[in-house]
Amino acid sequence: MTSDSTRARIDLSVNGQAHELDIEFRDTLLDVLRERLDLTGAKRACDRGECGACTVLIDEKPMLACNLLAVQVRGRTVTTVEGLAKRPDFARVLDAFIAEDGGQCGFCVPGFAVAAYAALKQDAPLDATALRWELVGHTCRCNAYDRIAAAVNTAANGGAR
């Protein structure tokens with residue numbers, strides 16, 4: 001920690017890389033990811049935790065980066081959509097989004113894809129209704145919900161056609 005009472009030095013593990021950062025206590029995880037680490041997959045949209053565009057994994061659980069202070073995640077593992085893109089088992093999610101045209105403009109896709117990936121990693125298989133519930137709180141401004149749901153179902157059933 002630095003001597004300034006408004007700043008902190010934190011160690012942050014993001015996508016398997018260790019980072020030592022000097023931040024302000026008020027910096028959100030989304031601010032740090034986008035502005036300090038140049039990881040722009042998590043989108044800034046509502047800044048109130050209502051749209052899901054900033055979804056990342058914290059210790060493999062989906063969370064909203066705009067609602068977390070960066071100091072809250074020190075010592076935990078953060079994985080962004082960029083980190084997931086390097087995992088072989090994430091390819092089926094991305095392939096399914098492409099095959100089903102799951103997201104017209106693509107702005108919301110990273111948040112949906114991270115949440116879908118986390119849902120598909122659960123121990124018990126989820127049916128179509130349960131998968132939709134896993135995506136509650138995510139907003140698509142293009143209204144492509146049926147395509148997104150189809151993409152998640154395709155991924156759940158082994159991948160793109």
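Residues numbered from 1 in each chain as written. Predicted model: local features only at pLDDT ≥ 70, side-chain atom pairs only at ≥ 80, totals over all residues. Heavy atoms only, no water.

A. Up close: the sheet that holds strand β1 (residues 7-14). The strand order across the open sheet built from 5 strands is β2-β1-β5-β3-β4, with neighbouring strands paired in mixed fashion. If you trace the sheet from one side to the other, it starts and ends with β2 (17-24) and β4 (61-64), each paired once. Along the sheet, successive strands turn relative to each other by an average axial angle of 40 degrees, direction set aside. Note that strand β3 (residues 55-58) and β4 share 4 bridges and pair antiparallel. Bridge pairing in β4 places threonine 55 opposite leucine 64. Where helix α1 (residues 29-36) meets the sheet, its contacts fall on β1, β2, β3 and β5 (77-79), and the angle it forms with β2 comes to roughly 110 degrees. (Pairing = 2+ DSSP bridges. Helix = DSSP H or I, 4+ residues; strand = E, 2+ residues; numbered from the N terminus. Axes fitted to C-alpha atoms, helices over the stretch in contact; angles between N-to-C directions. Contact = heavy atoms within 4.5 Å.)

B. Just the pattern of salt bridges, in detail. Following the criterion strictly, the structure yields 13 salt bridges and no others. Between arginine 7 and glutamate 24 there is a salt bridge whose closest N-O contact spans 3.5 Å. Of this pair, arginine 7 sits in strand β1 while glutamate 24 sits in strand β2, placing them 17 residues apart in sequence. Across the pair glutamate 50 and arginine 48 runs a salt bridge, and its minimum N-O distance is 3.4 Å. Glutamate 50 gets classed as partly exposed once you look at its relative accessible area, which sits at 47%. Sharing partners across several salt bridges, the network here consists of Arg7, Asp22, Glu24 and Arg26. (Salt bridge = Lys/Arg side-chain N within 4 Å of Asp/Glu carboxyl O. Buried < 20%, exposed > 50% of the residue type's maximum accessible area, 1.4 Å probe, protein only.)

C. Just the layout of surface pockets, in detail. When its volume is computed, the largest pocket comes out at roughly 190 Å³. Lining the largest pocket, in full, are Leu57, Glu60, Lys61, Pro62, Ala115, Tyr117, Ala118, Ala119, Lys121, Gln122 and Glu134. Contributions of two or more residues to the lining of the largest pocket are made by β4 and α4 (109-120). Across the lining of the largest pocket, the residue classes break down as 6 nonpolar, 1 polar and 4 charged. Taken as a whole, the second largest pocket encloses approximately 150 Å³ of empty space. In terms of lining, the second largest pocket is formed by 13 residues, of which the most central are Leu120, Pro125, Leu126, Leu131 and Ala156. Contributions of two or more residues to the lining of the second largest pocket are made by α4, α5 (128-134) and α6 (145-156). (1 Å grid on protein atoms, 1.4 Å probe; cavity = no way out; pocket = protein on both sides within 12 Å on 5 of 7 lines; lining within 4 Å. Points joined across faces, edges and corners; volume = space filled by probe spheres on them. Nonpolar A, V, L, I, M, F, W, Y, C, P; charged D, E, K, R; others polar.)

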